[in-house]
2 protein chains.
Amino acid sequence: MHASIFKMGAFPYLSKLEKIKYKPVSVREVLIEMKDLSELMIDLAYSATLFNSRDLAEEVLELEERVDNLAYLLHMNTMLAARDAEDAEEFVGICKVATATNKISDAAADIAYLVIWGIGLHPIVREAFGAVQERLMRSEAKSTSIIVSKSLGELELAARIGVDIIAIRRGKEWIINPSEGEKIVESDILIARGAPHGVEKLKQLADGTLKELG
Amino acid sequence: MHASIFKMGAFPYLSKLEKIKYKPVSVREVLIEMKDLSELMIDLAYSATLFNSRDLAEEVLELEERVDNLAYLLHMNTMLAARDAEDAEEFVGICKVATATNKISDAAADIAYLVIWGIGLHPIVREAFGAVQERLMRSEAKSTSIIVSKSLGELELAARIGVDIIAIRRGKEWIINPSEGEKIVESDILIARGAPHGVEKLKQLADGTLKELG
């Protein structure tokens, strides 16, 4: 009783036909993740444009695929959970919200494609996205960094340097809004938000060039 | 030589046929406004759902119409500004970004419609949008409020109570990211962002129940 559907990616880049298998998921958790991811993706897409970063743009596209998959899972799970008309009425709102977050994630991908295709870097676009520069940074935790093997709770980055780590990419896995207990692992890609001074400090800490927390 | 096109609203609520007349605008300013509005609208749409506020939802729909109109103006202005193939290549990126911000604003409107139609208030949706509660507030500046006739620079709300006024609606006009010199006028609708304690204080100041700044 494994439902499955075929999904055709909205963009040539993802145009491989991919089979999405039903699996039971928590609708609550999926919706929260979709919402958090869609907001993160907008910031990442702006940053990708601003820094002309193909890396960041590709991360947006990976996330877009993830959000797409989450949307399918959410829709399949609500279908199977609905037992009567009342359930259906309640769940339709959840599906509409999921569709809206998916639309936001599509918009972020549209922006990311401009970077992949090498267009859209007109000064006007950079200026429109300028405010993002002050709030987002991407860096990799090197083996020599003092933050590796420490938990976010131990590091207290918000209190010490005014920076929040809002997402960690570990290989193919994304940890969005990581908890206090999350430990940083070598090669983690950290996405952080904060004032320019703070994010610069975190970059140096992650690089291993700065050896102590202020 | 006034170009004009007809626009059919994407939703029944706005399905009146509305004529959009060409007028010269600054592409730069329009793009920045579209981006700022689209981000504001997402926050407003989440808040509208969370507080089940028809008022906020209707503000999102008004903004959606504004963003739609800005998108048309931007596209018409880039068309007329492009003199050669090089211009066209440069401007196409701007148009793609404008289209993406428009998509984000459509998603915000989709969410706002759930409030207008009275659906989508499932506890799971509220939970997904929960973080917004801590960052956004809407209040009206009453005639008895001490903040009326004061400029944002004088009020120093960020330093004093940790709150930023990110938008003001004055009748039909929206002032997004108001400057320090902007004076608050009686009946202004203030949209503010900040910690729960701070936004509560601003609400009381705007209501006229709190008579001094902390």
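Residues numbered from 1 in each chain as written. Chains lettered and ligands numbered in written order. Predicted model: local features only at pLDDT ≥ 70, side-chain atom pairs only at ≥ 80, totals over all residues. Heavy atoms only, no water.

A. Up close: the environment of Ala81 of chain B. All names here are of chain B. Tracing the backbone through its elements, the reader meets Ala81 in helix H2 (residues 54-81). Looking at Ala81, the relative accessible area reads 34%, which means it is partly exposed. Put simply, Ala81 and Phe91 are ten residues apart on the chain and 8.9 Å apart in space, counted from C-alpha to C-alpha. When neighbours within four sequence positions are excluded, Ala81 is seen to be in contact with Asp87 and Phe91. (Helix = DSSP H or I, 4+ residues; strand = E, 2+ residues; numbered from the N terminus. Buried < 20%, exposed > 50% of the residue type's maximum accessible area, 1.4 Å probe, protein only. Contact = heavy atoms within 4.5 Å.)

B. Geometry of unusual backbone geometry. All names here are of chain A. The phi dihedral of Ser149 is positive, around 75 degrees, even though this residue is not glycine. For Ser149, the position within the fold is in the loop between strand E3 (137-140) and helix H6 (152-155). Positive phi values are uncommon outside glycine, yet Ser187 reaches one of about 75 degrees. Topologically, Ser187 is positioned in the loop between strand E5 (173-176) and strand E6 (189-194).

C. Summary view of the packing of H2 of chain B against helix H3 (residues 85-116) of chain B. All names here are of chain B. Between H2 and H3, the shortest axis-to-axis distance is 9 Å and the interhelical angle comes to 165 degrees. Classified by the angle between their axes, H2 and H3 sit roughly antiparallel to one another. Our pair here, H2 against H3, has a crossing hand that is left-handed. For the contact of H2 with H3, a count of residues per class yields 17 nonpolar, five polar and six charged. (Axes fitted to C-alpha atoms, helices over the stretch in contact; angles between N-to-C directions. Parallel < 35°, antiparallel > 145°, perpendicular 65-115°, else oblique. Left-handed = near helix turned anticlockwise from the far one by under 90°. Nonpolar A, V, L, I, M, F, W, Y, C, P; charged D, E, K, R; others polar.)

D. Spatial organisation of the interface of chain A and chain B. With 35 residues of chain A in contact, the opposing surface of chain B contributes 35 residues. Overall, the association of chain A and chain B removes approximately 3200 Å² of surface from exposure, summing both partners, and the carbon and sulfur fraction of that is 73%. Broken down residue by residue, the surface that chain A buries against chain B is led by Lys35, Lys103 and Ile124 of chain A, which jointly contribute 17%. Seen at the junction of chain A and chain B, the total is four residue pairs in polar contact (both at pLDDT 80 or more). Elements with a minimum of two residues in the side of chain A that touches chain B: helix H1 (27-50), helix H3 (85-116) and helix H4 (123-128) of chain A. Residues that form the side of chain A that touches chain B fall into these classes: 19 nonpolar, five polar and eleven charged. (Buried area = accessible area lost by both parts, 1.4 Å probe. Polar contact = N/O pair within 3.5 Å; in protein donor to acceptor, adjacent residues only side chain to side chain.)

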